[in-house]
Every structure is written in structure tokens, then in C-alpha cells.
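Next come the chains, spelled out residue by residue.
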Amino acid sequence: MDTSAPAGTAALVARVAAAQEELRAAVASLGDAGLAAASALPGWTRGHVCAHVARNADGLRNLLTWAETGVPRPMYAGNGAREADIERDAHRPVAVHLADLARSGEEFVEHARRLDDGAWAAEVVLRNGDRLPARALPGHRLREVLIHHVDLAAGYTPADWPDEDARFLLASLVEAWSGRRDCPPLELHVAGTGERLATGAGSGSPERVTGPAYALAAWLAGRDHGGALRCASGGLPRLPAWM
């Protein structure tokens, strides 16, 4: 029996592996002093971002184990465990962060590559209580790595996302925003492609916002103020906090 991941999932896992390596290369260039500097996330150093990315890989791998074995296994040990682990790990030397990012990221990728169709179809539960099939987990991991690479504030911006990844991020974020009533209705036009995506569940007429896929995704994720976007009604609508 072929126990390899389905072709689409395998390709997504390969993109996760590539994104993780790019983030590690950025961290390696920072040194200990650079890692202790502020990130783009309020109250977090770059070390906090690295610790969060590593612990996220471990948490998502717990869910892969759940899918593989059928035995429920939460992402994190309990209330406050995630935050405590990030704070514990944030202030380590860069060499320790690099080893942790490599180990946690590679274990997630290797585990994902050996899951079969039955495991990918199994339902698991995210930290926030959302239920989803395990096949969605590589996408969650890719989103975490790409967005938090930007959060390092080390010269990597949304414009550096590969186009395929930017389009994936945009589609993923559109889906995430689609049921939120605190998000105004939006009609997003991807510049130069003719692609249109609708999201937001608030009241009122949809606002039409146009721009490159990476800029639309960064705006939805709260990582850009939308300087590369234009809104048909004038100024961009205000979005609630993404996370």
C-alpha cells in the first residue's frame, strides 16, 4: 500500500520545508544581539518569534500524531503552556534557536510525509477549538512560517513571498475572514489576473480593494497598512485584529 502523502499535500509540505529553511537562514544572519532586538510584534523580541515558530511546529506535529493514531492529542499541554514555553525559550543564544527551529521544523515535515490518506482525512482540533481535517495542517504551518518571517523585521517583507505562496496565503486568509461579522464585506481584486475573492461577514455593501496578491494577503494578516492597495471608495476600510 502506498503510504505517501497525496500529491497536492506533498507539494504543500515541500513548500513548508523551503519556507522553514529561508526563515532559518534569516535567523542565522542576526547573531545573538540581533535576535534580542525588537520584532514587528509588540512586546516580542525576534527570539520570541523564533520560539513561537518552533513551538508551533511541535504543536502541529502533536495534531499529526492524533490524526495518525486516532488518539486525541492537543497542540499544547494546557492553558498557558504555549505562552510559558515561548517566554522560556525566547532568550536563548542564536545557535540554540537555530537547532530548535531545525529539529522542530524537520520533524513536522518528516511526520507529514509519512501520513496516508486515512490520516489526512482524520479530524483534529486546533488550539482555538476549530475542528478541521489533518490535511489542512501543512497549510497552517506554511502560513505561520511565512507571516512570522516578516515579523522578524529583518529585511524580509510580504513582497518577498513567492507568488505561489502569496496566492495561497491570500486564499487562506480570505477563507478565515469569510465568517467574521467584525470584518466588513470585501471584494478583493488581484491585480493583473482578473481574480476576485469575497470575504467578510459584516453589514453594508462590499468594499472593492485591488492590489497584488502579496499586498492583499499582508493587509488581511495585519502585516501591512495597504500602501500598495487601492479602494474604490477611497480609503481602505478598517479591519479587526487578525491575531
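For the structure, see preceding data.
Residue numbers here run from 1 along each chain, matching the order of that chain's written sequence. Per-residue local features of the predicted model are confined to residues with pLDDT of at least 70, and side-chain atom pairs are confined, for both listing and counting, to 80 or more; whole-chain, interface and lining totals are unaffected and use all residues. Side-chain numbers come from the whole structure's heavy atoms, not from hydrogens or water.

## Description of the nonpolar core
How we decide: To form a nonpolar core, buried Ala, Val, Leu, Ile, Met, Phe, Trp, Tyr and Cys residues must be joined to one another through side-chain atoms within 4.5 Å. Burial classes: relative accessible area under 20% of the type maximum marks a residue as buried, over 50% as exposed, and values in between as partly exposed (1.4 Å probe, protein chains only). Per the convention used, a helix needs a DSSP run of H or I reaching at least four residues, while a strand needs a run of E reaching at least two, with both numbered from the N terminus.
Residues Val27, Trp161, Leu170, Leu188 and Leu220 are the most contacted members of the largest nonpolar core, which totals 70 residues. A per-element tally of this core places helix α3 (residues 46-69) first, with 10 residues.

## Observations regarding the sheet that holds strand β3 (residues 186-190)
Strand pairs in the sheet, formed through backbone hydrogen bonds, run parallel or antiparallel to each other. Short version of the rule: Here a strand pair is declared whenever DSSP counts at least two bridges between the two strands. Residue contacts are defined here by distance: any two heavy atoms, one from each residue, within 4.5 Å place the two residues in contact. Where helices are involved, their axes are fitted lines through C-alpha atoms of the stretch in contact, as for all axes, and angles between N-to-C directions lie from 0 to 180°.
Strand order in the open sheet formed by four strands is β4-β3-β5-β6, with mixed pairing between adjacent strands. Two strands lie at the open edges of the sheet, namely β4 (196-199) and β6 (230-231), each paired on one side alone. As paired strands, β3 and strand β5 (residues 207-211) are joined by five bridges and run parallel to one another. Each bridged residue has a counterpart across the sheet, and for Val190 the counterpart in β5 is Gly211. The sheet contacts of helix α8 (residues 163-177) involve β3 and β4, and relative to β4 the element is tilted by about 30 degrees.

## Remarks on the packing of helix α7 (residues 137-151) against α8
As a reminder, the rule being used: Orientation is classified from the angle alone, with under 35 degrees giving roughly parallel, over 145 giving roughly antiparallel, 65 to 115 giving roughly perpendicular, and any other angle giving oblique. Take the far helix as the reference: if the near one is turned anticlockwise from it by less than a right angle, the crossing is left-handed, and if turned clockwise, right-handed. Residue classes follow a fixed rule: Ala, Val, Leu, Ile, Met, Phe, Trp, Tyr, Cys and Pro count as nonpolar, while Asp, Glu, Lys and Arg count as charged, and any other residue, Gly among them, counts as polar.
Packing of α7 against α8 brings their axes to within 10 Å, and their N-to-C directions diverge by 110 degrees. When the interaxial angle is binned, α7 and α8 end up roughly perpendicular. Here α7 runs over α8; the crossing is left-handed. Between α7, through Gly139, Leu142, Arg143, Leu146 and Ile147, and α8, the contact on the second element is made entirely by Asp165, Phe168, Leu169, Ser172, Leu173 and Ala176. When the residues that make up the contact of α7 with α8 are grouped by side-chain class, the tally is seven nonpolar, two polar and two charged.

## Describing the state of the cysteines
For the record, the criterion: Throughout, a disulfide means two cysteine sulfur atoms within 2.5 Å of one another.
Tallied over the full model, the rule gives zero disulfides. Free cysteine: Cys183, not disulfide-bonded; nearest cysteine sulfur from Cys231 at 12 Å. What makes Cys183 buried here is its relative accessible area of 0%. Under the relative-accessibility criterion, Cys231 is labelled buried at 10%.

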